[in-house]
Structure formats: C-alpha cells, structure tokens
Amino acid sequence: MGLAVAGNECWLNAGVSTDTGATSMQVCGPTLPAITSLKQWMDQMLFVSSNSYSFHLSGTVTEPATATEPEMTYKVAISFDRCKITSVTCGCGNKDIFYCAHVVALSLYRIRKPDQVKLRLPISETLFQMNRDQLQKFVQYLITAHHTEVLPTAQKLADEILSSNSEINQVHGAPDPTAGASIDDENCWHLDEEQVREQVKLFLSQGGYYGSGKQLNSMFAKVREMLRMRDSNGARMLTLITEQFMADPRLSLWRQQGTGITEKCRQLWDELGALWVCVVLNPHCKLEEKSCWLRQLRKWGEMDVCPLEDGNYGNELPNITNALTQSSSHSQDSLARPRRTVFTRAIEGCDLHWQDSHLQRIISSDFYVSPAYQREGESLLFNSQGQPLWLEHVPTACARVDALRSHGYPREALRLTVAIINTLRLQQQRQLEIYKHQKKELLQRGATTITNLEGWVGHPLNPIGCLFLTLTEACRLEEENCLEISDTGDTKPPVYQHVPVTTGSQDSGESYLSLALEVALMGMGQQRVMPEGLYAQDKVCRNEEQIIARLQDLELDPVLVQTLRKQCILLLEGGPFSGLGEVIHRESVPMHTFAKYLFSALLPHDADLAYKLALRAMRLPVLETTAPSGDVTHPHHLVSVVPSRYPRWFTLGHLESQQCELASTMLTAAKGDMLRLRTVLEAIQKNIHSSSLIFKLAQDAFKIATPADSNSDTTLLNVALELGLQVMRMTLSTLNWRRREMVRWLVTCATEVGVRALVSILQSWYSLFTPTEATSIVAATVMSHNTILRLSLDYPQREELASCARTLALQCAMKDPQNCALSALTLCEKDHIAFETAYQIVIDAASTGMTYTQLFTIARYMEHRGYPLRAFKLASLAMTHLNLAYNQDTHPAINDVLWACALSHSLGKNELAAIIPLVVKSVHCATVLSDILRRCTMTAPGLAGIPGRRNSGKLMSTDKAPLRQLLDATISAYINTTHSRLTHISPRHYGEFIEFLSKARETFLLAQDGHIQFAQFIDNLKQIYKGKKKLMLLVRERFG
C-alpha cells in the first residue's frame, strides 16, 4: 500500500536500513500548495529527534509556522514488520484513512537520511544487558520523567509482579513493542478500519453532493492501488466499504417506494461490483480467502436491498463462466435464471481458476507458439500463424485481464490481451465467411437476428475499455519530473508511443497501440441489441462516449490510419455481426456516435470511405413504420417488455440527437461539394424522423453556408432550403410549438437563396403552409420593403413576386376566408381586379362561415381604405350574426355596433334606416340602444358627403321612421330589463336600480307621450312588486 496523505501524491523508491538488513519501502508523500517539490517540503520539516529500533521508529516532527498558524511539534511513533507499516500514532490527532503528513514526513526522513537516525537494539535486549542496580535506576528515572502518566500503571504492575498467583507471573518473559511480531503472526499494512467505515458512511449520507461521489471514487482508486501493490488491505478495505454500502438506509427506501437508485449512486455500485470481480480473480489468492469472499458475497447478494445488475432487467444476461456465448443457440433454462445482483459476477468469478495449462503458458511467456507441424487445419488453441488463442466468453476473458492489471501483473495482462485479440480476429474472419454464404438471403429479407446475447459496450465488466487501457498503458510515455507539482493542476492528455508486440512468431510489425485502436473499433462496431431498462441503455451511451474520448487521445499516425482503414472496411463488410453491416436487426444499437468519430478520423485520409461509413450509420430502423419481415425470428429474450409500436428505448431522444450530430458533421464537411451534399441530404431525408432535428440541421446548414466574413455557399444553402421544406411538410398537419419560428426561418432561407426560391414556395404554398401562415407570414414577408431591398429586385421581378403573392392570397381566402380574407385584401390592394375578387370572396363567405368579429374587422379596414359603402355592407352582414342580451352591457362587440351605427348615420338616412332594423333585432341591451338613439339625434345624417347625394342637414325626429322603431325598441328593452333585474335583486343593488330607472325615464321622455308611459310603468311596478317595500319606497321618493 505505501504511505499516503490526503491530496496529490508523488512516489519514490528508497532503501530502509534496519538491523535485519536492507529492505525496500514504497511511500507516498504529501503535496502542499505552497511547496513546489518534495525536497523543499522535506527541508521545511524540522526533526528534533528520532530513534529507530528493528521494528519501531519514533521521532518528533516540528511543522514550521505559517502566516495563520504557529509552529507545532508532534510526537510520532511507527511500528513496522517485514517491510510493512503495521501501526502509527501521531500527536496531531488527525483522523483519516490515510497517514497524516507527520507520519509520512518521519518515514521519508528515515528513508532519505538513514545515517541521521540512531539505530538501537530492541529494548528487551538493552534491558538484558543491565544489572540489578541499572535496572532499578532505569525504572525509577522512567517513572520520574513521566510520573503523572505512568505512575498508576507502574504501581499496578509492581503489585502484580509481587503477587505469586497473578496472571503476569504465569507467562514467561515480557512483551517488547520494539522487537516486532512472531514469524508466524499475520502482518499487514496499518489500516484504520473504523475511520474507513465512518468516511464511507459520511460520503453516502451526502447523497452525491459536496463532492462525495468523487471521494468514494477516490477510495475505489485507492483499493485498486492496494491491489496493484499486492497489499492484503485492498480486499479488507473493499469489504469495509461494501458493508457501509449495504447498510445505506436509502436502499430500503428506494425498494419500498419502487423507485430506482439514483444514477450517481448506481455508478458507484457498478464500480463496487467490478472491484469484487478483480479481487476474486486474483491469480495468486489462497483458496480459503476465496471461500471467505464467496460466503460474504453470497450473504450480501441474498439481501433484499441488494441492487440488481441492470435494474429490473437483471435476469437477461448470461453467466460469466459460460464460454463462447456468442453462439446463437441457448436453452430455455438459461432464460429462467434467478435475479442477478451487482455481486453476481463476482460470485460467478469465484468458480474461475488459473490452472489451465494453455492459459498458464499464454501469460507466462511472450514466445509461446504452436509447433510448426500443428499449424495445418483447425485448432482451438492457436491461429494459423501459431499465435495462442484464448477461447473464452469475451467479457470473462477481459475480466481476467483486468484482474492481472489490478493485481500488479502488467506483462501477463498484455500477453492475455494479445491472445484475446487474436481470437476476436479469427472470429471476425469466420463470421465474414459465414455472411458471404448467407448474404443473398439476408439482403432479400432485409433483416437479421442478433447473435450476440450481450453487447461489449456498456457491459458491467467493461471488456473493451479494459483491453484498451491495458494496451495503451504499455505505450504511455511517462513524463519527466513526475514529483513536480503543476501550478494549475490541469491534467495533460496522455502521450503514447508505438511499442512493438512481443511475439514468438514472425515479426508482425504490430504495436500495442495499433492493437488498442483495433480492439476498440471491433468492440464499438459489434452489432448488439439495445438492452432493456433505462439504466442499462444509458450505460451503453456513457460507455461509448468514454471509449471514444480515449480514442480521441490517440494521434493518428500512418500505422494507426492503416489499422483504422482496415477495420472500417471489415465493419462495412461484416454482415449481421457488425453494427455497420449492410443488414442489421431492427432493435440493434445505433452506430451514430461511433460513426461520427470514424468519419472525423478518416476524412483527412480516405474521404470516400469516411462518407460511405457515415452514410451507412445514419439509419435508425427502430423508428421505421413497420418491422421488417425478418423480425419473426426475433429471439425470445429480445421481446419488448411492453408491446408497442416501438420498443421501450428510454434513450431514444439522445440517440436521435446523435444521429443529427452525425448528419451535421457530414454537412459541414461536404460544404462546396454538390454531389456529396446531395447524398447526405438524401440520407437525412430517409433516416431522420424528427422534424425538430431536421429543422436544427437546416439551421446548421444555413449558418455554415452564410458566414459573416465571406460569400454564401449556394449548394449548402439549397440543402438548408430543402431540409426546411421537408420540415414544413412534416409539421403541416401536426401541432408544433415552434411552427411559426420554422415558417419565418424558411422565408429567410428562401430569401437568401434568391427570387426563384421565393416564387417556388409561394406557388406551392398549399403543401407547405396553412392558409393563415401563407398570407400573414409568408406572403406578407415576401412583399415587405426589406425583402425587396435585400434581393435588389428589378421591376419585372417585383411584379412576378407580387403576382404570385396575390394569387396565393386569393387561394387562401377561398380556402379559409375567416382567417385569410383581411390578409388577402391587404395583399391585393394594388391590383384592382384581385382586390375586387378578394372582396367578393368575403361577401360570399359572410353569410356562412364568418363571424361578426371577422366581418367588423374587415368592415373597419374597408372604411380605413376609403370604401365606406362596402364597409357599411360588411357591417350590416356582421349585425346579422350578432346577438346582445339585455345584461351584456360590457360585451366587446358594443364598440363595433356603435361604430356601425355611426357609419350608417354618416352615410345618410337610407343607410341608417337599413341598419336600425338589424340593430333592433340583434341588440336587446337597453343601455346600448339608448346610447345609439342619443347619438343619432345629436347630429344630422349624411355628414360623410357621399358624392352624388344631397343631404337636408336636418336633425331626425324620434317620432318618425327610422328612429321611431329604435325608440320603441329601446323603451321595450328598458321595460324587459327592469322586470328581469327585479326578479333577483338584492338590497345592496337598490341604489343602482334607481339610477337605471332614471336613465329609462330619459328615454321614455323622447316619445310624445313618454311621461304618461313612464308614469304607467312606475305604477305597474308598484303594484307588481309591492312586497319589496323598501325598494318601492325608494321608487316613490324618486319618481312619485
């Protein structure tokens, strides 16, 4: 394990000199923010004194004063046994699972300056050399120096020694803390178990907040570090962590509520399970250790709260020990397995062993090859070049590699990795041969089955990531001055070099780096079914992105480019075994993210291959309307949980966005190349089914095609326009909250393309826009002054656009007069024939489909444009659709009614006479009628001055037509309204009612016998409503 302090770490090797000989100790020193090197830090620590025994080191460490802290001195004691620190104590009192800075400082001081640390014999040897007087003097001086601390203990020990029957006298000899443990005693690095438990419990209680997730991952990393150092505390610390994870109270809560574990917590559980697989696959662990771990893992796995491997779908994956599960044959028994927890793979790993002779030879030697005479014909142990194969379930084989890496056997891990890759190559070659025989049949069916029962990307054991890391670690250039501390703390991307593959066969010219790229491409390109469940699907996406991020760290030199090209060609030709083959299953995991990386990597070196691969990857069969006929052979374990048109792909939105990203990348790269742009456009139109994503692509293409600092790219602009047109067609009959934005953008794009594009969308509007959109947005924008200036149109072009816009307007008005008539009239203003046609459309539609609001709006427009008689006609038509009840005195149409009557009055007596019967029929509100009556009597009619008419200029009488009819209707409305209001009147409305009667009296008095009619009306009220005494009293007071 070594010594550790919290914070950054820097490593060094040094000898430790003890009485038992020179040994090696690996320590990890602290890094302090203000100190730039380990040496400077060591120099600042002051060591007042230090003593070293064979198995004990003690000293006093002084930490210098800082700007905020005074100088502090601490006493430190360290016990060690057989090159391991077995216990530590320090006066600083810091509690952590790692050693404090003072323990580390004393250890490093002992390693770096052994000549300045006085070595002593064990204290028992020193005491043995003393006579009685010396021993008595030694004890008395010791007690005197520390009398307050040791005197009670010293007295107790003295009493027990003087008692012949005491327990202390039954044992020969006495303990010596400086003499070390017995050779038979177990020795291990010091680990504060209680502190480990407390810290894990604290981090879990924070639920992923305050950086607790990073802290727990740091503890997992420490476990891996311990395993790599072959420190027995690795498994011990992992057990302590697991116990706290299983005791997490949230597990029971989540189970009771039926909710899933949070994603951050789920990832921690995955790492926990993977670590246990590493632990149980330790190639040199003892059988009793493995048995102990197995019991513990089973105990945890049987607990109800133990998380499942893949949520509710944990039963679908094969056993870790099943070899060659790539075979399509599987029994029904394999489908009825018990639940699989996060520990199931570790439990299964306990059944694996390392005693296979072929496996032993693979990992033991770089030069293990088959004899030359055995290279003819088929072999399960070697390929045709004599290189060893390891024919095992791929994730299981990769788990072995991870275990070898994790337990400090990097060379062995590399050898097994090469054997696995050679096996995958052979399988890839044989699968290609099988496909060539089935190609014609599969292409005719247009579908295939999935033969891989589990995908390698997103797999709990992360097989591809494991192989890739094993290979790249062998090629990584270590940076110099690793003990120096970066001021910024930024991590630089790794730098790799080609390291030739060590092999016993002829020189292959391969490097571990090229193998890393090859195996990553093989794994990512594997055709695999989308797993069930949200978490499993999300994990596929995350793992894919992680592998691609690592691939992007590789600098593609000619060797890697050759590997890339070769593997891409194989993936394209790979048939149903490749996710990029010609035929894939409907529920196959899409290759968009992977293909985007391949496209960008290949483009500078082989553009044709890059486009071919990316275009092939654009498909998303799960969104096709009908399933291909090949789905009848869909294996039982792939059947969707909920029968539906589409399987339950929880990450579908993310997958579609990745498909869009791939398309956008190709569009950007194809700028200026008409043929490639056309091909990419066809792929987009065929494969992308989301209108919002196509709209995004259209916007991206438009942005790329119209840079601010240079001329527009016409080819890409046309692609943007075509995509925009497709969006219009897709969203024409569906609800989309961005529809108006889309329509406006399309007009902008068409304007940028040119006048022919505008003419085209105007002429084909019915397949792209609703009538309202076509008139109010499209045609209006096209005919705007800004558009004319933007295009610098000459007169014929302006006329052509105007003609198209007028034709569109009339067509829209015919189709939807209610919403388009006004826009049509506006657009046709400058053309008399078109304007008359639009007006006639309005008149024809007025009696059937148009509302009074629409007709009043158009009527006002007509008046504004100088057509008062047409406005009057439309207002009259509007009145026929209106009905105002007696109590609707705040109706929004009142202003329109008043305006219509004012218009009629201004036109003359005839128009007023024509509209009053319509008003009387439609309006039953007394106050509105009285307002109209009052306005008509204030001025003479006909003030509008219509040419060819003579007006008398006299005020109109209410005793004659047409106002007599209006007066009678108003009086009648007041009478009816009064009775209606009295039916449900309450005392608090009495005052308001009296004012209402006062207004009624004003109207009554306009008639010749009005005062008589009103008196009779009041008397009638007194008689009918005599029970409302208080109200009638108020009526008498006001009206007599």
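What counts as what
- Residues numbered from 1 in each chain as written.
- Predicted model: local features only at pLDDT ≥ 70, side-chain atom pairs only at ≥ 80, totals over all residues.
- Heavy atoms only, no water.
- Core = buried A, V, L, I, M, F, W, Y, C linked by side-chain atoms within 4.5 Å.
- Buried < 20%, exposed > 50% of the residue type's maximum accessible area, 1.4 Å probe, protein only.
- Contact = heavy atoms within 4.5 Å.
- Helix = DSSP H or I, 4+ residues; strand = E, 2+ residues; numbered from the N terminus.
- Lys, Arg positive; Asp, Glu negative; His and termini not counted.
- Salt bridge = Lys/Arg side-chain N within 4 Å of Asp/Glu carboxyl O.
- Polar contact = N/O pair within 3.5 Å; in protein donor to acceptor, adjacent residues only side chain to side chain.
- Axes fitted to C-alpha atoms, helices over the stretch in contact; angles between N-to-C directions.
- Parallel < 35°, antiparallel > 145°, perpendicular 65-115°, else oblique.
- Left-handed = near helix turned anticlockwise from the far one by under 90°.
- Nonpolar A, V, L, I, M, F, W, Y, C, P; charged D, E, K, R; others polar.
- Pairing = 2+ DSSP bridges.
- Expected span 1.5 Å × (residues − 1).
- pLDDT = per-residue confidence, 0-100.
- Patch = residues over 30% accessible without salt bridge, like charges linked within 9 Å, V, L, I, M, F, W, Y side chains within 5 Å.
- Areas by Shrake-Rupley, 256 points an atom, 1.4 Å probe, with all protein chains shown as cover.
- Phe/Tyr/Trp six-rings, centres within 6.5 Å; stacked < 30°, edge-to-face > 60°.

## Remarks on the nonpolar core
- With 252 residues, the main nonpolar core has Ile241, Phe245, Trp276, Phe343, Leu667 and Phe769 as its most contacted residues.
- Aside from chain neighbours lying at most four places away, what touches Phe769 is Met728, Leu732, Arg739, Val743, Leu746, Ile761, Ala774 and Val778.
- Among the nonpolar cores identified, the runner-up in size contains 17 residues, and Leu57, Ile85, Cys92 and Tyr99 belong to it.

## A look at the side chain of Arg528
- Considering the arrangement of structural elements, one finds Arg528 in the loop between helix 17 (512–524) and helix 18 (534–551).
- Buried charge without a salt bridge: Arg528, with Glu544 as the nearest opposite-charge side chain at an N-O distance of 4.2 Å.
- One polar contact links the side chain of Arg528 to the main-chain carbonyl oxygen of Met524, over a distance of 3.1 Å.

## A few points about the packing of helix 20 (residues 592–602) against helix 22 (residues 652–669)
- As a packed pair, helix 20 and helix 22 sit with axes 8 Å apart at the nearest point and diverge in direction by 20°. In terms of their interaxial angle, helix 20 and helix 22 are classed as roughly parallel. Two packed elements cross with a definite hand, and for helix 20 against helix 22 that hand is left-handed. Contact with helix 20, carried on its side by His592, Thr593, Ala595, Lys596, Phe599 and Ser600, involves Leu655, Gln658, Gln659, Glu661, Leu662, Thr665, Met666 and Ala669 of helix 22 and no other residues of that element.
- In terms of residue class, the contact of helix 20 with helix 22 is built from 6 nonpolar, 6 polar and 2 charged.

## Brief notes about the pairing of strand 6 (residues 84–90)
- Inspection of the sheet shows strand 5 (residues 72–81) paired to strand 6 by 6 bridges, in the antiparallel sense. Directly across from Ile78, in strand 6, lies its bridge partner Val88.
- Between strand 5 and the antiparallel strand that follows it, strand 6, lie 2 residues; Arg82 among them carries a positive phi value of about 50°.

## As for helix 14 (residues 394–406)
- Over its 13 residues, helix 14 extends 18 Å from the first C-alpha to the last, a length consistent with the 18 Å expected when each residue adds 1.5 Å.
- With 13 of its 13 residues buried, helix 14 lies for the most part within the structure.

## Quick notes on helix 10 (residues 263–280)
- Along its 18 residues, helix 10 runs 26 Å from first to last C-alpha, staying within 8% of the 26 Å computed at 1.5 Å per residue.
- When you tally the buried positions in helix 10, you get 14 out of 18 residues, the bulk of the element.

## Remarks on the pattern of salt bridges
- In this structure the tally under the stated criterion is 42 salt bridges.
- Here Arg236 and Glu193 are joined by a salt bridge, their closest N and O atoms 2.7 Å apart. Of this pair, Arg236 sits in helix 8 (residues 233–246) while Glu193 sits in helix 6 (residues 193–205), and the two are 43 residues apart along the sequence.
- We classify Glu193 as partly exposed; its relative accessible area is 27%.
- Where Glu800 meets Arg756, a salt bridge forms, and the shortest distance between an N and an O atom there is 3.0 Å. Of this pair, Glu800 sits in helix 30 (residues 795–815) while Arg756 sits in helix 27 (residues 755–763), placing them 44 residues apart in sequence.
- By sharing partners, the salt bridges in this structure join Arg224, Glu271, Asp402, Arg405 and Glu473 into a single network.

## Digging into the confidence of the model for the protein chain
- Here the protein chain averages 83 in pLDDT, and 85% of its residues register 70 or above.
- Considering only residues more than four positions removed or in separate chains, one finds that residues 321–335, a stretch of pLDDT under 50, has 27 contacts.
- Counting interchain partners and residues more than four positions distant, the pLDDT-below-50 stretch residues 627–644 has 31 contacts.

## Examining a nonpolar patch on the surface
- There is a patch of nonpolar side chains on the surface, built from Phe138, Val139 and Leu142 and spanning about 230 Å² of accessible area.
- Note on placement: Phe138 falls in helix 4 (residues 132–145).

## Some points on the packing of aromatic side chains
- Overall, the coordinates contain 16 aromatic pairs when judged by the stated rule.
- On the basis of an interplanar angle of 40° and a centroid distance of 5.6 Å, the ring pair of Trp300 and Phe343 is categorised as tilted. Residue Trp300 is found in helix 11 (residues 287–301), and its partner Phe343 is found in the loop between helix 11 and helix 12 (344–349); the two are separated by 43 residues along the sequence.
- Residue class for Phe343 comes out buried when judged on its relative accessible area of 0%.
- Both rings, one in Tyr368 and one in Phe382, keep their centres 5.3 Å apart while their planes meet at 65°; by these two values the pair is edge-to-face. Of this pair, Tyr368 sits in the loop between helix 13 (357–364) and helix 14 while Phe382 sits in the loop between helix 13 and helix 14; the two residues are 14 residues apart in sequence, bridging distant segments of the chain.

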